[in-house]
Amino acid sequence: MPPPALRLNAVAFVSPHNHPILIRTFAQPRADELKYHYIAHTSLDVVEERIAAANAAKSTECYLSLLYTMEDVAVYGYVTPLRVKIIIALALTDTVVRDADVITIFRALHTAYRLSVANPFLKANTPLEGVNDHTAMLNAGSAKWKGFRRRVDEVGRALAGVTTSSSSSTQFH
Amino acid sequence: MNSYPPELLAQLAPVMFVGGLEPPQPPGQGKDPFAVLSWRLRESLLHQRKVAIWQPERARKFQVVIADKDVRFPPRKLVPPDDPQYQNSHSPLSPLTPTSPLYPDGLIAPIWIRKHTTLIPSVLVVFMRIYEYPQAERAPLETEEIDQQRETEERRKDNELCAEIAQRKRIAAERGVKLTVVLLASRKMLDEAVLDVRLTYIRRNSGLDPRAALFVLSPVSQSEVGEFVHSLQEALWEPALEYYTNHSKRVRRKRNRHSQAVSAYSLPPLRGEVRPLRTEGWSVRYEYKLACFAEFRGEDEVALRHYQDAYASLLVMFGSTAILPPRTKRWAEAKVLADCINMKICKLYLYNNEHSLALSTHNNHMRKFADFSRGWGIGEETFEFWSWLARQHRAFAELLEQGTRSTLTIPTHFSTSPPAVAAAAAVAQTLDSSQRTILEMEAMRMLGLNPTQALQHPGFYYYMAAKCTERRRERFLSALDAEAKEEPTTTSPGFTNEKKVDHLALVLETGSQLYTRSYELFKAFSPSNTQGHSRLTLWIAYCIAQTYYESGKFDMAVRFFERIAKTYRREKWGSLLQPLLTAWYSCAQQMGDMELSVRLLFEMLGHGIRTQQDDADSTQEDLSAVLKSSVPSITEEPFVIDSSDLEPILVSSTVFWRNDVIVGEAVAFQLSLTARPTVSMASLPFVSLSIHFSSDLPPVTIRHTPAVYEGTPSLQKIDLGYIASPTSEAESEDKEVEGSLRWRPDGRIVFSGSVSSDVPTIIKITKLILTLREGSWQIQVPLFPSATHAGPTYPKWLNKIEPWTFVPIRREHYSTVTVRHRPHKVEVNISHHAPALIGEEFPICVDVKNFDDRDMDIVVDALLQPTEIDEAENFIRIGDDRSTSLVKGASLGVIAPGASTSITLHLASAGAAYDRVIDISVQSRVVAVDDVVSGLTPPGSPTAPSLADRDEALRTLVIPAVEPIRVEQQVLYNRSLRKQPGLADLATYSHEFWDDGDVGEAIVTTSISCTAPSGIVVEAVKVVRENNNQAHVIDSSTEQSEEDFLSEWLSGDEFCDRCRIGLAIGEDYIQGEDIAGPGMYELSWRRILPDGTYGPTATSRFPLPPLRPPVDALVALLHAPPSGKLHVPFLLRLDIRNRHPSRAANIVVHLETDTTDSFVVAGLRSGRIPILLPGAEESLVWKLIPVECGFVKVPHIRVLDRRRDPQDLAAIAGDSRGGEIVRIVDVRWDGRSGAEDGVQSDVVGRRRSVEEQTAQPLILVLP
C-alpha cells in the first residue's frame, strides 16, 4: 500500500523578521488565497514558540512538525538555519502523514529558496548593508523575480503529479 | 452543550437518597445541637459531588439527593404487582407502554436518566433520633423504679422506631435499594452500656441488614461530620455498585432474550402509522442502559464499549429511512441521542488521555452525519447543516474546556529531541521499497502523525464552531434571497421555524460569542513569552470585528480594527491589511466618522489599495467625495494625518550629490517623491509641500500651480534653487517656489536644489509636509524620508529630463551630507640625525610652518611607544616636561600665517639597542577673531569643543638606537707570590689583612672600541672603584696615561686598558661562584655632530667583569731569575704549597742533573720533605752556577706526592714511580683564565700541569 499522497495547498516563506517573502497557494478555489495569508501569519506564533522550545533544548532541529490544524488544512512549519521560516498547508485528510514525507517537501522548498536567493542579480542594485540585510530575500519573492516562484511552483506541481499519477493508476487497475 | 439535554451528558455516579435531615435552613446560635448536626450533615452530603460533565476522578463519592423521610419511589410498572397483568405490562417509560412518552418507537428519553438520578437511589440513608429518656430528675432512692420506667419507655419508643424502619425497608427492598439508618444520639448516650443492647434490638426487629445498615452519630464538629460522611460512603459503595450491577444483569437478560427471540417477539399489530420500535432500536436502548449503569458504577471501559455499541446500532437505524424516517420527532430525538453518545465516548477516551481516539471518534461522527444529512436533504447548502455542525464543534470545545480546567492536558505535537525517530525514518527511506516488509511500513506509520487526530486546545474548536455559524448565516441569507425571489425552494420545516425568530441577530450573537470564547482561549493557551497580542488571537479578533461589522456594531468593530492594524502594519503584511482597511473604511463610512474615513483613505493610498478593485481612481474619488461632502470637526487647525507608522502615500528618497563638503560649499541634492503604482492620486488637491531640513536651514515651500499643459507627466522636475542658512535674523523668511504637485500612478516629482552651511553639521531632510485643501478641510500629511525604509535599490539621481536619464548613486550615506571645516594648511617637518646613541639625549627637531591664511594655535603631543623588550628607562623630553610615555600639550603658541616655529624633542634611550617609536601629534586650532574679543566659549556648553575649528597632523617616527661604545674584557689570574702566612700568624686576625694567598691577583684587560657611526669625543675615562671584601682594584693603566684616551674617537677606533685586582677568598667562598667586579669604567663623551660641533655630554658606564678565580690543590712554584751571569751563582727556589683543603701531602723532590746540563747545582738532589699539612708551604733552594751562555734550561725538577688518592686507582696502577706528579709552575709565566666550572676546570688544569712538567724553565745566561 503506497503512502497516502499529500496535497499541498499553500506555501509561505517568511523572513527572520517575520516579513512575508513569498506566499503561493495551490488550492483550487483561488478566493481562498487570503486565508492562506492568514494561516501563514498566525502560524508564526506557533513557530516562534517551537523555536524558543528548540533553543531552550539546544536542539538544531529545523522541522517544527505539525503546527496546528484549522478547518480543512494541516499546517506544518520548518525553520532554516538562517531563520527563514517555511510554512506549508496540507489538505487535511484522515490519514497518517509521515514526518519523513513532510520533511522531504520542506527540503525541496528550502532548496528552491536557497537556489533563488543565491542569484547574484538580486543584490545588483542594492546597497550593501551587511549580512543581516534581508532585502535580497525579500526581493526574491517580489513580483519582479520569477525564478523563486517558478521553483516553488515546480515543487507544488511535483507533489500534485504524485497525487494524480497515483490516483490515475488506481483507476486503471 | 447547552443545547443538549444535560441528563444525556452529565457524568453519572451512584445516587444516594438522604432522608430525615429536616431543617433546610441553617440554625441560629444556641439552637438544638441536633438541628446543628442535621444542618451540617446536609451541607456536607450535598457538597460531596456536583453534577458535571467532566468528572474523571474515581473517588467514592455519591450523588446525594435530599429526600423526604417517607420518600416513595416510582412504581416499577404501572400495574400493581398483584394484578394478573403484571407479568405482561412494562415500565411506565417503556415504548411498549401506551402512556409512555416513548410509545411506540422512542429510544431513550432523558427522563429515563432523570429517573435514575433523581427518583430512584442506589442507597437510601435515613437519619433518625433514638429515644433518650430524660434524666434530669433522678433521685437516688427512686433508682429502681425509674430505671424500670425508663426501660419500658425506651422499649416502647424503640419498637415504634423499628416499625418505621421496617416500613421503609420494605419500600426500599421493592426496588432493591439498600436502606441504611443513622441513629442520632447525644454524646452521653454513646457512653451508656445499654446502647449496644438497644441497637441490636432495633436492627433485629426492623430487619436491617447485618452490615453497613445501622450507624450511630452524636453531634460532632464539622470536620468529624466530614469524616463520618466519608466513612458512610465507603461503607455504602459496595451495595450501591451491587444495585447497578443488578440493573445491568436485568437489562442484559432482557437484551439477550430479545435478540434471541426477535422473530418470536409478539409485535403489536400495526395500527395506522404507529410502528413499534424495531430490533435495532431495542438494541440501542439496552446498550445505552448498560452503558449508563456501567457509568454509574464507574466502570469506564465497560461503559465505553456499550456506548459504542449503542452508537453503532444508532448508525444502522439512521442508515435506513425506513427505520428512522427523517424529520420526524423520533428522528430528531435519535440525532440528539447520537450526538450525546458521541460526546460521552469522546469524554471517556479523554478521561484515559487517548486524545487521538477521542478526536477521531468526533471527526467520524461529524463525517457520518454529514453524509446522512445529505441524504436527508439538509446537506452543506442548508443552514441547518451548519447549525448542527457548529453545535458539534462547540460541544466538543466545551467538553475540552471543562476538561482542561481540571485534569485534561492538551498534548504538544512537537518534541525537541526527535533525532532517533528522524534517523530511523531516514534509514528506512534509503531502503529499497521491496526490502520493506509490511511490518516496517507499519513502523513507518508510527513516525508520522495523523493531523486530524492531533488534539488542540478548545479555542480551535470554538473557532470552528464560529466559522460554521458564519456559514449558517450565509446559507440562511441565501435562503431568504431565494424566498424573496419567489423561487421554488425546498422550504424545510426548520426554515419557516427559524424565520420566526430573529435568526440573523441570533446567529451573529452566537458567532461573536463563539469567537470571543475562542479568542479568550487562544489568549490563555498562547505561550507566555508573546507579550500582548499573539497573531492567532489577532486573527480571531479580526473575525470578531467582522462579525461586529456584519451585525452593525461598527464602533466595536472599529476598536478591534485599530488594535489589529498595529501589528499588521508593523510586520508589513500588506495582504492582511488590505481587507482590514477596506472593512474598517466601510465601518467608518457607516459611522459617519469623516476624519477616520479620511485617515483610512490616506492609509489605503499608501498601501495602494483601491476601494473598487477595478478602478485605480476609486480611492481618490472616495476621498474627494468625503472631503467635498463634509466639514471637519475642527476647522481652526489643519487636520494632521500622523503617518509615522503607516506606509506613506508617496515614496520619498533624498540624494545628496556628495556626502562630505567643507563649510560654505554648496552641495546639490534631489528629493524624489513617487506615487504608488496601483492607485491614482492625480486629482487630490494638494496645495503645498514644505521641505524641512536639519540644522538651521530654512524650510522650503512649494506652492502648487496648475501645469500649463494638460495632464500630469509621469516625471516632473521642480527646481528649488540654492538654500543656505540665513546670515542674519531679518533674512530668515522661508523660501517659496512654485510647481505642479500632482502625481499620476507611479508618477514622480524630483525636487532639486543645493544647500550649504556655514558651520560644521550634518544636513538632511527631516520632514516633508504635504498640505491638501478642499472646502473647509485642510489636511497635512507629514512624510519622513529618514523613517521610511531606504528602498531595496540604490537611489537614482536624475541626470537629464529629456529623455530621462538616471545615475545610480552607489554610496552608503546618500541621504545626508556632512559639512566639515576646511583642513588646516600646516606643514610639519621633523628632522633628526639617526641613529640615536644609547646613553645620550637624542634631539629631534619638530618644525611647524603655517601656510594657512589664519592664525593657528599649535600644540604638540608626543608619545613614546612602550616596549616589552626591557624595563630600561627610556624617556622623552620637551623642555622641562619629561615622561616615559606621553608628553602632552607642549604649546608652540600662535603662529601667524607664513611663520614657522620649531620645538625640540629629546629622546633618551637606555638599555638594549633597538628601534624606538614615537608618535608626534601637532594640533592646530584656528584662533577665531571673536575668541580674542569675547573670551573663550563658556565652559560647560557641550557643543563648544566640537564646534572649534581644529585639525591635527600626525607623524610616527621610528628611531634606531645603537650602542656608541663596545667593550670587551678578558681576565687572567696570577698566583700570589707572597709567602703564605703561618697557621697561627697573628696578622691574619687583623682587620686589614688581605689574604691573597689562595688566588693572588686578577688582571682585567678591557678593550674599548667606538661603534657610533658619527664618532664621539671622549672627555674622561676613569675607573670608579667599588672595592668589596673579596676583590679590590689595585691599579689601572688609565690612571697613568689618561691623556692618551682623550681625543676624538671615530668609528672603529679601539683602546685598551689593564687593571689589576687583588683577590681574597675567605672560607665562605664557594667555588664556581662569581665575585662581583670591584668597580666600573666611566666614559664621558659627546657625539660629534655633522657640522663638527659636539653634542651634549653623555656618560657610559661599563662594570668590571665578575671574577671567578681558579683554585689549586698541591702546587709547586718555581722562582727562577730571568737571567744569570756566566759563572755567577744564583738561587733557584721551589715553593711547594698544599692548597688542598683537607689532605696532607707526602712530597718527594728530585733534581735530575744531566751531563748536558748547563749548570752546576748545589743543593738537594733527592729527598723527602716533611709532611705538608693543608695550607702549609715549604721552600727548597738550590744554588746554580751557569756554565754555558744563551737560553739554557734549568735542571729538571720532579715533585711527587707519595700520598695516594685512595679513590684514584688508575694513578696507583699506572704510576710505577709510586706517586703523583705535582705540577711545577714557573711564576714568571703564571696566568690562568677563570675557573669555568668546578670539576671540568680541574681536569683541564691537571692535563696542563703534565705538559708544563716536561717543559723546563729557560734562563738567559749572559757572559
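Keep in mind that what you see is a predicted model, and the values were worked out from it rather than measured.

The rules behind the values
Residues numbered from 1 in each chain as written. Chains lettered and ligands numbered in written order. Predicted model: local features only at pLDDT ≥ 70, side-chain atom pairs only at ≥ 80, totals over all residues. Heavy atoms only, no water. Helix = DSSP H or I, 4+ residues; strand = E, 2+ residues; numbered from the N terminus. Buried < 20%, exposed > 50% of the residue type's maximum accessible area, 1.4 Å probe, protein only. Contact = heavy atoms within 4.5 Å. Areas by Shrake-Rupley, 256 points an atom, 1.4 Å probe, with all protein chains shown as cover. Phe/Tyr/Trp six-rings, centres within 6.5 Å; stacked < 30°, edge-to-face > 60°. Pairing = 2+ DSSP bridges. Axes fitted to C-alpha atoms, helices over the stretch in contact; angles between N-to-C directions. Nonpolar A, V, L, I, M, F, W, Y, C, P; charged D, E, K, R; others polar. Salt bridge = Lys/Arg side-chain N within 4 Å of Asp/Glu carboxyl O. Patch = residues over 30% accessible without salt bridge, like charges linked within 9 Å, V, L, I, M, F, W, Y side chains within 5 Å. Lys, Arg positive; Asp, Glu negative; His and termini not counted. Charge placed at Lys NZ, Arg CZ, Asp CG, Glu CD. pLDDT = per-residue confidence, 0-100. Expected span 1.5 Å × (residues − 1). Bend = angle between axes of the 7 residues up to and from the residue. Parallel < 35°, antiparallel > 145°, perpendicular 65-115°, else oblique. Left-handed = near helix turned anticlockwise from the far one by under 90°. Polar contact = N/O pair within 3.5 Å; in protein donor to acceptor, adjacent residues only side chain to side chain.

S.K.: Sorry if this is basic, but what is going on with the overall build of chain B here?
M.R.: From N to C terminus, chain B includes 26 helices and 50 strands. Going through the 1263 residues of chain B one by one, you find that 46% of them count as buried. Sequence separation of at least 24 residues holds for 76% of the intrachain contacts in chain B that already meet a minimum separation of 6. With an accessible surface of roughly 61,700 Å², chain B has 53% of that area assigned to carbon and sulfur atoms.

S.K.: Mind showing me how you'd approach the overall build of chain A here?
M.R.: A count of helices and strands for chain A gives four helices and six strands. In sequence order, the secondary structure elements of chain A are arranged as β-β-α-β-β-β-β-α-α-α. Counting across all 173 residues of chain A, residues that qualify as buried make up 51%. Taking all contacts inside chain A whose residues are at least 6 apart in sequence as the whole, residues at least 24 apart take part in 55%. About 7,900 Å² of surface is accessible on chain A, with carbon and sulfur atoms providing 59% of the total.

S.K.: It is not clear to me how the packing of aromatic side chains should be interpreted in this structure. Could you clarify?
M.R.: Aromatic ring pairs are described here by two measures, namely the spacing of the ring centres and the angle between the planes. All names here are of chain A. Summed over all chains, the structure comprises 45 aromatic pairs over all chains. Each ring, one from F13 and one from Y113, has its centre 5.9 Å from the other, and the planes form 20 degrees; the classification is stacked. Remark: Y113 occurs in helix α2 (residues 99-117) and F13 occurs in strand β1 (residues 8-14); sequence separation between them is 100 residues. Of the residues examined, Y113 reaches a relative accessible area of 6% and is grouped as buried.

S.K.: Honestly, the sheet that holds strand β3 (residues 63-70) of chain A in this entry has me stumped. Any pointers?
M.R.: In a beta sheet, neighbouring strands pair by backbone hydrogen bonds and run either parallel or antiparallel. All names here are of chain A. If you walk across this open sheet you meet the five strands as β2-β1-β5-β4-β3, and the pairing is antiparallel. Only two strands of the sheet have a single partner each, and these edge strands are β2 (20-25) and β3. Across the sheet, the axes of successive neighbouring strands diverge by a mean angle of 15 degrees, strand direction being ignored. Bridge count for strand β4 (residues 73-79) against strand β5 (residues 85-91) is seven bridges, and the pairing is antiparallel. If you follow V73 over to β5, its bridge partner there is A91.

S.K.: Hey, could you run me through the packing of helix α1 (residues 33-56) of chain A against helix α18 (residues 535-550) of chain B in this one?
M.R.: Packed helices, taken two at a time, are described by the angle their axes make and the gap between the axes. Direction vectors running N to C along α1(A) and α18(B) enclose 145 degrees, while the axes themselves pass 7 Å from each other. Counting all contacts with α1(A), which are made through A:Y38, A:I39, A:H41, A:T42, A:L44, A:D45, A:V46 and A:E48, the residues of α18(B) involved are B:R535, B:L536, B:W539 and B:Y542. The residue makeup of the contact of α1(A) with α18(B), split by class, is seven nonpolar, two polar and three charged.

S.K.: Just to check I follow, could you spell out the sheet that holds strand β31 (residues 965-974) of chain B for this structure?
M.R.: All names here are of chain B. Spatially, the four strands line up as an open sheet ordered β31-β32-β36-β34, and their pairing is antiparallel. A single partner strand is all that each edge strand has here, and the edge strands are β31 and β34 (1031-1036). With strand direction ignored, the average angle separating the axes of adjacent strands in the sheet is 25 degrees. Bridge count between strand β32 (residues 1001-1010) and strand β36 (residues 1054-1063): nine bridges; the pairing is antiparallel. When the sheet's bridge partners are listed, S1009 is paired in β36 with E1054.

S.K.: Any chance you could explain the pattern of salt bridges here in plain terms?
M.R.: Side-chain pairing between opposite charges can occur once the charged atoms of the two side chains come close. Residue and element names in this part refer to chain B. A full pass over the atoms with the stated rule returns 46 salt bridges over all chains. Taking the shortest distance from any N to any O, the salt bridge between R60 and E234 comes out at 3.9 Å. Note that R60 is positioned in the loop between α2 (33-46) and β2 (63-66) and E234 in helix α7 (residues 222-260), a separation of 174 residues in sequence. When its relative accessible area of 33% is taken as the criterion, R60 is described as partly exposed. With relative accessibility at 34%, the residue E234 sits in the partly exposed group. The closest approach of N and O atoms between R1060 and D1035, which form a salt bridge, is 3.2 Å. Placement of R1060 in strand β36 and of D1035 in strand β34 is noted, with a sequence separation of 25 residues between them.

S.K.: I tried to follow unusual backbone geometry on my own but got confused; where do I start?
M.R.: Leaving glycine aside, a negative phi is the common case for residues, and trans is the common case for peptide bonds. One non-glycine residue, A:E71, lies in positive phi territory at about 50 degrees. Assignment of secondary structure puts A:E71 in the loop between β3 and β4. Here B:R327, not a glycine, exhibits a phi torsion of approximately 60 degrees, which is positive. In this structure B:R327 comes out as partly exposed when scored by relative accessible area, which is 33%.

S.K.: Would you take a moment to explain a positive patch on the surface for this structure?
M.R.: All names here are of chain B. Among the surface-exposed residues, K249, R252, R253, R257 and R305 lie close enough to one another that they form a single positively charged patch. Among the elements that take part in the positive patch, α7 stands out by supplying four residues, more than any other. Residue placement: R305 occurs in helix α9 (residues 300-319). R305 sits in the partly exposed class, given a relative accessible area of 46%.

S.K.: I would appreciate a short explanation of the pairing of strand β45 (residues 1177-1186) of chain B in the present structure.
M.R.: Along a regular strand, successive side chains alternate from one face of the sheet to the other. Residue and element names in this part refer to chain B. Summarising the sheet, strand β41 (residues 1130-1138) and β45 pair through eight bridges and their orientation is antiparallel. Across the sheet, residue R1137 finds its bridge partner in β45, namely E1177. Two elements, strand β43 (residues 1159-1162) and β45, share four bridges in a ladder whose sense is antiparallel. Each bridged residue has a counterpart across the sheet, and for A1162 the counterpart in β45 is K1183.

S.K.: Explain the environment of B:G379 to me, please; I cannot follow it from the model alone.
M.R.: All names here are of chain B. Structurally, G379 is set in the loop between α11 (355-375) and α12 (383-405). As for G379 and F369, which are separated by ten residues in sequence, their C-alpha atoms are 9.8 Å apart. Among all residues touching G379, those that are not within four sequence positions of it are S373, R374 and F385.

S.K.: Looking at this structure, I do not really get the environment of B:A1098. What am I missing?
M.R.: Residue and element names in this part refer to chain B. Mapped onto the fold, A1098 is located in strand β38 (residues 1094-1103). Placed 13 residues apart in sequence, A1098 and W1085 show a C-alpha to C-alpha distance of 5.3 Å. Contact partners of A1098, with chain neighbours within four places excluded, come to G839, E840, L1083, S1084 and W1085.

S.K.: Got a minute to help me understand the confidence of the model for chain B in this structure?
M.R.: Low pLDDT marks regions whose predicted coordinates should not be analysed in detail. All names here are of chain B. Across chain B, the average pLDDT comes to 78, with 84% of residues at or above 70. Of the regions scoring below 50 in pLDDT, residues 263-272 engages in six contacts with residues more than four places distant in sequence or in other chains. Segment residues 1237-1254 is flagged for pLDDT under 50; beyond a separation of four residues in sequence, or across chains, it makes 13 contacts in the model.

S.K.: When you look at α1(A) in this model, what are you seeing that I'm missing?
M.R.: Since the α-helix packs 3.6 residues into each turn, any two residues three or four apart lie on the same face. All names here are of chain A. In a regular helix each residue adds 1.5 Å, so 24 residues correspond to 34 Å; α1 covers 35 Å between its end C-alpha atoms and thus fits that length. Taking the largest bend as the criterion, α1 deviates by roughly 30 degrees, centred on L44. K58 occupies a position one or two residues after α1 and carries a positive phi of about 55 degrees.

S.K.: Would you mind showing me how to read the packing of helix α15 (residues 458-484) of chain B against α18(B) here?
M.R.: All names here are of chain B. At a closest axis distance of 12 Å, the pairing of α15 and α18 adopts a crossing angle of 30 degrees. As judged from the angle between their axes, α15 and α18 are roughly parallel. Like other packed secondary-structure pairs, α15 and α18 cross with a definite hand, here left-handed. Listed contacts from α18 to Y463, E470 and R473 of α15 are W539, I540, C543, T547 and E550. In the contact of α15 with α18, the residues fall into four nonpolar, one polar and three charged.

S.K.: Before we go on, may I ask you to explain the side chain of A:R50 in this structure?
M.R.: Residue and element names in this part refer to chain A. Structurally, the position occupied by R50 is in helix α1. Among buried charged residues, R50 stands out as having no salt bridge; its nearest opposite-charge side chain is E49, 5.9 Å away. In this structure the side chain of R50 is engaged in a polar contact, spanning 2.7 Å, whose partner is the backbone oxygen of L64.

S.K.: Explain the confidence of the model for chain A to me, please; I cannot follow it from the model alone.
M.R.: In the predicted model, chain A carries a mean pLDDT of 77, and the fraction of residues at 70 or more is 75%. Low pLDDT, under 50, characterises residues 163-173 of chain A; the stretch is placed with three contacts to residues that sit more than four places away or in other chains.

S.K.: It is not clear to me how helix α20 (residues 574-591) of chain B should be interpreted in this structure. Could you clarify?
M.R.: With 18 residues, α20(B) ought to run about 26 Å at 1.5 Å a step, and its terminal C-alpha atoms sit 25 Å apart, in line with that. Residues of α20(B) that are buried: B:L576, B:L577, B:P579, B:L580, B:L581, B:A583, B:W584, B:Y585, B:S586, B:C587 and B:A588. Where α20(B) is buried, its residues meet α1 of chain A together with α18, α19 (554-571), α21 (594-607) and α22 (618-629) of chain B. Once α20(B) finishes, B:G592 follows within two positions and takes phi at roughly 75 degrees, a positive value.

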